[in-house]
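# Structural characterization, general
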Amino acid sequence: MSSEPQASPGPQASPGPLAGIRILEVGHILAGPYATMMLADLGAEVTKLEPPGGDLSRQVSDAYFASINRGKRSIRLDLTGAAGQARLHELVADAHALVVNLKPSAIRNFGLTYEALRPYNEKIVCVALTGFGLSAGDDPAFDYVIQAATGVAALTGDPDGPPTLPGYSSADNSAGLTAALALLAQIVSGRGGQLEVSLRDVMLSQLNYRASAYLNEGTEPRRMAFGAHSYYVPAQLFPTAEGYLALFVTHDGFWKKFSTEAGVTGFETMAERAARREEVLAVVTAALAADTAQGWETRLKRLGVPAAKVRSLPEALDATPEMVVRAGDFRLVGSPILVHGYEPAYGPPPRLGEHGGELDQP
């Protein structure tokens, strides 16, 4: 990348919206740590309670660990022993919430449920992030498995090819954001309690209009070429003279502007375009072959028509240098939430046990 990351901000104009909120995290890899990192970016104090060997994501790479653990504290605890449990209860007594991202049996065995922790803090909010739910057993529930199990993989890819997967962990990240929302909702209520968020349920929820079409209209979901939208036409990727263009025409006003610019006639209503999908796509594909993806993006943006050249991640990061921040020694993508008057501190990821262990006093 050619752009320099943002330097760590100076004195904050105001405390973060979650300043004073103390959150404990127990878990590994992605979904739970991503949830709590989003909260840490907003000013919450997040403390990872890590086993003696640390969060498994430390074994992936330093950059991987940093990408979901910046700005946190780390306390090393062996929750299988009495000392670790005693320290856990001390920390719970002073915390607002606990996010746990483990299999259900481990959550119960380690005493990480609201039922087990209520004696130490009646207002603690306990969020259990699992694959299929606390009562569903310990079947492995990794991101790609969930995408396969919920219909996401079946909807992704070319209709004449095999099912495929997005190039990132969509189930883990989506579940993390949902867990953060659940935690904040319960804190706002002023009551403690047990909350559950499962990767399976989150991904089924995100298939909202696809599921509704099947449940209410009997419409079987199917893969569309170039990732085409099931309702809007044209709304998909198109080849151009150079590169691919995402064009998303959702109403007749967009179509009128696009068709005039592209020299296309007819198909004036959304209903007609949907009914004559293949004809529309053929005409649009031919028109877009006259210019490059970058050329079309420039022309259509000027008209307010939703369109973008398909970029690689490095290209996208180069185009948005304001999103690249520094957290200690790492360059990372910053928080997507902008709070006016507040700049996240973006502290470095913690060293394992940097802030104590089970034998240390709080």
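Keep in mind that what you see is a predicted model, and the values were worked out from it rather than measured. (Residues numbered from 1 in each chain as written. Predicted model: local features only at pLDDT ≥ 70, side-chain atom pairs only at ≥ 80, totals over all residues. Heavy atoms only, no water.)

### Observations concerning the overall build of the protein
When helices and strands are counted, the protein shows 14 helices and 11 strands. Principal axes of the C-alpha set define a box for the protein whose edges measure 75 × 50 × 35 Å. Counting all 362 residues of the protein, 43% fall into the buried class. For the protein, the proportion of contacts with a sequence separation of at least 24, taken over those separated by at least 6, is 69%. Carbon and sulfur atoms make up 56% of the accessible area of the protein, which totals about 18000 Å². (Helix = DSSP H or I, 4+ residues; strand = E, 2+ residues; numbered from the N terminus. Buried < 20%, exposed > 50% of the residue type's maximum accessible area, 1.4 Å probe, protein only. Contact = heavy atoms within 4.5 Å. Areas by Shrake-Rupley, 256 points an atom, 1.4 Å probe, with all protein chains shown as cover.)

### Quick look at the side chain of His89
With respect to the helices and strands, His89 occurs in helix 3 (residues 82-93). For His89, a relative accessible area of 16% gives the class buried. Those residues within four positions of His89 in sequence are excluded, and the remaining contacts are Leu117 and Tyr120.

### So, helix 1 (residues 31-41)
In terms of burial, helix 1 is a largely internal element, 11 of the 11 residues being buried. Taken from the residues just after helix 1, Gly43 is the one with a positive phi, measuring 105°.

### Concerning the sheet that holds strand 3 (residues 73-76)
Here six strands make up an open sheet; going across it, the order is 3-2-1-4-5-6 and the pairing parallel. Lying at the two open borders of the sheet, with one neighbouring strand each, are strand 3 and strand 6 (193-198). Between one strand axis and the next, the sheet turns through 20° on average, direction left out of account. Sheet topology note: the strand 5 (residues 125-130)/strand 6 ladder contains six bridges and is parallel. Paired with Leu129 across the bridge in strand 6 is Val197. Lying over the sheet, helix 8 (residues 199-206) contacts strand 5 and strand 6, oriented at roughly 60° with respect to strand 6. (Pairing = 2+ DSSP bridges. Axes fitted to C-alpha atoms, helices over the stretch in contact; angles between N-to-C directions.)

### Some points on the pattern of salt bridges
Oppositely charged side chains can form a pair if their charged atoms are brought close together. Per the stated rule, a full pass over the model turns up 17 salt bridges. The salt bridge involving Arg276 is made with Glu279; its shortest N-O contact spans 2.7 Å. Of the charged contacts in the structure, one is a salt bridge between Lys301 and Glu297, with a shortest N-O distance of 3.9 Å. A residue pair is termed a helical-turn pair when its members lie 3 or 4 positions apart in one helix, as Lys301 and Glu297 do in helix 13 (residues 293-303) at four residues. Of the residues examined, Glu297 reaches a relative accessible area of 5% and is grouped as buried. Each member of the salt-bridge network shares a partner with another, and the members are Glu25, Lys48, Asp55 and Lys72. (Salt bridge = Lys/Arg side-chain N within 4 Å of Asp/Glu carboxyl O.)

### As for the environment of Ala95
You can see Ala95 is positioned in the loop between helix 3 and strand 4 (97-101). Residue Ala95 is classed as buried on the basis of its relative accessible area of 7%. Residues Ala95 and Leu30, 65 residues apart in the sequence, show an inter-C-alpha distance of 22 Å. Among all residues touching Ala95, those that are not within four sequence positions of it are Arg22, Leu24, Asn121 and Ile124.

### So, the confidence of the model for the protein
For the protein, the average pLDDT comes to 94, and 95% of its residues sit at 70 or higher. Per-residue pLDDT stays below 50 along residues 1-12; that stretch engages in 25 contacts with residues further than four places along the chain or on separate chains. (pLDDT = per-residue confidence, 0-100.)

### Description of the nonpolar core
One finds Ile23, Leu39, Ala44, Val127, Leu129 and Leu183 to be the most contacted residues of the largest nonpolar core, which totals 31 residues. Looking at this core, the elements with two or more residues in it are helix 1, strand 4, strand 5, helix 7 (170-189), strand 6 and helix 8. It is helix 7 that contributes the most residues to this core, six residues altogether. The residues contacting Leu129, other than those within four sequence positions of it, are Ala31, Gly32, Val100, Asn101, Leu102, Ala175, Gly176, Ala179, Val197 and Leu199. By size, the runner-up hydrophobic cluster in this structure holds 22 residues, among which are Leu91, Val100, Ala106 and Tyr114. (Core = buried A, V, L, I, M, F, W, Y, C linked by side-chain atoms within 4.5 Å.)

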